[in-house]
Amino acid sequence: MNPDFSFEKWPACITCRKDPVFRHNRPCTIRHGKVNTRNGIKRLFFKPQWRQAASGMNLNCAVHEKCGGALVLAMWALFLLAALAMVVASRVSAQLRLAQSVGHRTRASLAAVSGVERALYLACSDTNGWDAPVELWRTELGSAEGMEAGGGAFVIVNVGIRDGGVVTNPGPGDEEARINVNRADTGLLAALFEAVGVERPAAEEMAACISDWRDGDDEPLTGGAESGYYRSLTHPYSPHNGEVDSAGELLLVKGITPEIFEKIEPHVTVFGDGKVNLNSAGGTVLRALGLAAGGRQSVCDSLAAKVAAYRNAGRAFQEPVADRIVKDLKGFIPLTVEEEDLLGRMMGRLTVKSCYFRGTALGMAGKNSEPALAVDFVIGRRECAVVAWHEH
């Protein structure tokens, strides 16, 4: 091969000029057209194939590298924007759900308040001399369907006892269908415990403990308990020595376990003058009144059943006079001499008029919605105001 042969000039690569072919230790297949005169010998150098590819695309690679970098940056920017959008969307969605929940609760709360105010208005508008579940204060609010008010709807219910079980009745209930634990004497309290299934000795002890809890002295009654007992407990406290503020306070009294309290709670109250409305009292309360009046258990049960049958027929006692009540009852169902006598003895604790009513207002965001909150309330006709309120 003639070293002086003239070859077509190939584009020189900067890399090849700095790094001669002898350093690559690999065969060259592409002629470079460059002569090395080292050691006085002319040699034709060949450019390595991989070097030529790099040199031939040197400019394009630089452009491509810049474009590729911009594309990567753009993809990262899109990813970050998408992630930011997801975070913002989740936060906005949570805030919207919270706002919607607050809106629903606000409408439900306003509706429940409207229901309580409506019940108060109806109770204070009733000015006749007797109260019974057949009257307007009960029947107008006795619908199971929601009544629209305040942008939402409400339903009024009350908890009662039927056939030994707790039931939910539509409309407000008569608070003075219960026994007032602040006005009842020890004998009536013991009769109430006995009426719910407590043995007589234990019932008398519990009644004595309630009396000691209420009175202002520190002398315990027989079977009762005063400050000496309560201060000796692991977690000591003092007796109230005053009127009970709420029925739940009875759980602090010696002997009143949660199981016993659950049995008596639907039958006791802290409102009213102490007399029980014969038009609305339940069977357990009537039996307790009969036992406290000295009646036999069987007679108390039969009299309570006849009074309930009279009321279930849509009738009501309108005068708190024994003779008139006996006459009305006998005109509907026969009474034995013992039942008549027992009813006469019970009259000292009976009335036909009430001043306090209770219920639970269920507030809903819409007429067909589920209740969002409940308000337990007691309204007083004498005060013409809400005297107890518990929202949950």
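That block above? That's the structure.
Everything in this summary refers to the structure shown in the same document. (Residues numbered from 1 in each chain as written. Predicted model: local features only at pLDDT ≥ 70, side-chain atom pairs only at ≥ 80, totals over all residues. Heavy atoms only, no water.)

Points about the overall build of the protein
And then number 1: Check the secondary structure of the protein and you find 12 helices and 13 strands.
And then number 2: Counting only residues that meet the buried cut, the protein has 40% of its 392 residues in that class.
And then number 3: In the protein, of all internal contacts separated by at least 6 residues, the share reaching a separation of at least 24 is 58%. (Helix = DSSP H or I, 4+ residues; strand = E, 2+ residues; numbered from the N terminus. Buried < 20%, exposed > 50% of the residue type's maximum accessible area, 1.4 Å probe, protein only. Contact = heavy atoms within 4.5 Å.)

Focus on the nonpolar core
And then number 1: Counting residues in hydrophobic clusters, the biggest one holds 59 residues, and the most contacted among them are Phe193 and Leu250.
And then number 2: Going through the elements one at a time, helix H5 (186–195), helix H6 (200–214), helix H8 (258–264), helix H9 (283–292), helix H10 (297–312), helix H11 (322–332) and helix H12 (337–346) are the ones with two or more residues in this core.
And then number 3: Per-element accounting of this core gives the leading share, seven residues, to H5.
And then number 4: Once residues lying within four places of it in the same chain are set aside, the contact partners of phenylalanine 193 are Val198, Ala203, Met206, Ala207, Ile210, Ile256, Ile260 and Ile264. (Core = buried A, V, L, I, M, F, W, Y, C linked by side-chain atoms within 4.5 Å.)

Re the pairing of strand S11 (residues 356–364)
And then number 1: Most of S11 is tucked away, with seven of its nine residues classed as buried.
And then number 2: Two elements, strand S6 (residues 173–174) and S11, share two bridges in a ladder whose sense is antiparallel. Of the residues in S11, the one forming a bridge with glycine 173 is arginine 358.
And then number 3: Two successive antiparallel strands, S11 and strand S12 (residues 371–380), enclose a turn made up of six residues. (Pairing = 2+ DSSP bridges.)

Let's talk about the pairing of strand S13 (residues 385–391)
Residues in a regular strand project their side chains so that they alternate between the two faces of the sheet.
And then number 1: Pairing of S12 with S13 involves six bridges; the strand directions are antiparallel. Opposite valine 378, over in S13, you have alanine 388 as the bridge partner.
And then number 2: In this structure, the hairpin formed by S12 and S13 is closed by a connection of four residues, where cysteine 384 is found at a positive phi of approximately 50°.

Some words on empty space enclosed by the protein
And then number 1: One pass over the full model with this rule turns up three cavities of 30 Å³ or more.
And then number 2: Reported here for the largest cavity is a volume of approximately 50 Å³.
And then number 3: Contributing elements (two or more residues each) for the lining of the largest cavity: H9, H10 and H12.
And then number 4: Here the lining of the largest cavity gets four residues from one element, more than from any other, and that element is H10.
And then number 5: Its residues assigned to classes, the lining of the largest cavity shows eight nonpolar, one polar and no charged. (1 Å grid on protein atoms, 1.4 Å probe; cavity = no way out; pocket = protein on both sides within 12 Å on 5 of 7 lines; lining within 4 Å. Points joined across faces, edges and corners; volume = space filled by probe spheres on them. Nonpolar A, V, L, I, M, F, W, Y, C, P; charged D, E, K, R; others polar.)

Some words on the layout of surface pockets
And then number 1: Considered as a void within the structure, the second largest pocket measures approximately 490 Å³ in volume.
And then number 2: Around the second largest pocket, the lining is made up of 24 residues, and of these Arg178, Glu265, Arg358, Asp376 and Val378 lie nearest the centre.
And then number 3: Class assignment for the residues of the lining of the second largest pocket results in 11 nonpolar, seven polar and six charged.

Quick look at the packing of aromatic side chains
And then number 1: One pass over the full model with this rule turns up nine aromatic pairs.
And then number 2: Measuring from ring centre to ring centre gives 6.3 Å for tryptophan 213 and tyrosine 237, while their planes differ by 70°; the resulting arrangement is edge-to-face. Placement of tryptophan 213 in helix H6 and of tyrosine 237 in the loop between helix H7 (227–231) and H8 is noted, with a sequence separation of 24 residues between them.
And then number 3: Relative accessible area serves as the criterion here: at 2%, tryptophan 213 is assigned to the buried category.
And then number 4: Relative to tyrosine 230, the ring of tyrosine 229 has its centre 5.1 Å away and its plane inclined at 75°; by these criteria the two rings are edge-to-face.
And then number 5: With a relative accessible area of 0%, tyrosine 230 lands in the buried category.
And then number 6: Here the aromatic residues Trp213, Tyr229, Tyr230 and Tyr237 are joined through ring pairs into a cluster of three or more.
And then number 7: When the ring centre of tyrosine 229 is taken as reference, the NZ or CZ atom of lysine 254 above it lies at 4.9 Å. (Phe/Tyr/Trp six-rings, centres within 6.5 Å; stacked < 30°, edge-to-face > 60°. Lys NZ or Arg CZ within 6 Å of the ring centre and 35° of its normal.)

Looking at unusual backbone geometry
And then number 1: A positive phi is found at asparagine 241, a non-glycine position, where the angle reads about 55°.
And then number 2: Among the secondary structure elements, asparagine 241 is positioned in the loop between H7 and H8.
And then number 3: For cysteine 384, which is not glycine, the phi dihedral falls at a positive 50°.
And then number 4: Residue position: cysteine 384 is located in the loop between S12 and S13.

Examining the side chain of aspartate 212
And then number 1: One can find aspartate 212 in helix H6.
And then number 2: Buried charged residue aspartate 212 carries no salt bridge. Nearest counter-charge: lysine 254, at 8.5 Å.
And then number 3: At 2.9 Å, the side chain of aspartate 212 forms a polar contact with the backbone nitrogen of leucine 221.
And then number 4: Look past the residues within four positions of aspartate 212 in its chain and what remains in contact with it is Glu219, Pro220, Leu221, Gly224, Ala225, Glu226 and Asn241. (Lys, Arg positive; Asp, Glu negative; His and termini not counted. Salt bridge = Lys/Arg side-chain N within 4 Å of Asp/Glu carboxyl O. Polar contact = N/O pair within 3.5 Å; in protein donor to acceptor, adjacent residues only side chain to side chain.)

Some remarks on the packing of H10 against H11
And then number 1: Taken N-terminus to C-terminus, the directions of H10 and H11 make an angle of 80°; their axes are 10 Å apart at the nearest point. The pairing of H10 with H11 is recorded here as roughly perpendicular in orientation. Contacts from Leu303, Lys306, Val307, Ala309 and Tyr310 in H10 reach Asp328, Leu329 and Phe332 in H11. (Axes fitted to C-alpha atoms, helices over the stretch in contact; angles between N-to-C directions. Parallel < 35°, antiparallel > 145°, perpendicular 65-115°, else oblique.)

What to know about a nonpolar patch on the surface
And then number 1: A grouping of Leu78, Leu81, Leu84, Val88, Val92 and Leu96 is seen on the molecular surface, where their side chains present a nonpolar patch of about 580 Å² in accessible area.
And then number 2: Tracing the backbone through its elements, the reader meets leucine 96 in helix H3 (residues 58–125).
And then number 3: According to the relative accessible area criterion, leucine 96 is exposed, its value standing at 56%. (Patch = residues over 30% accessible without salt bridge, like charges linked within 9 Å, V, L, I, M, F, W, Y side chains within 5 Å. Areas by Shrake-Rupley, 256 points an atom, 1.4 Å probe, with all protein chains shown as cover.)

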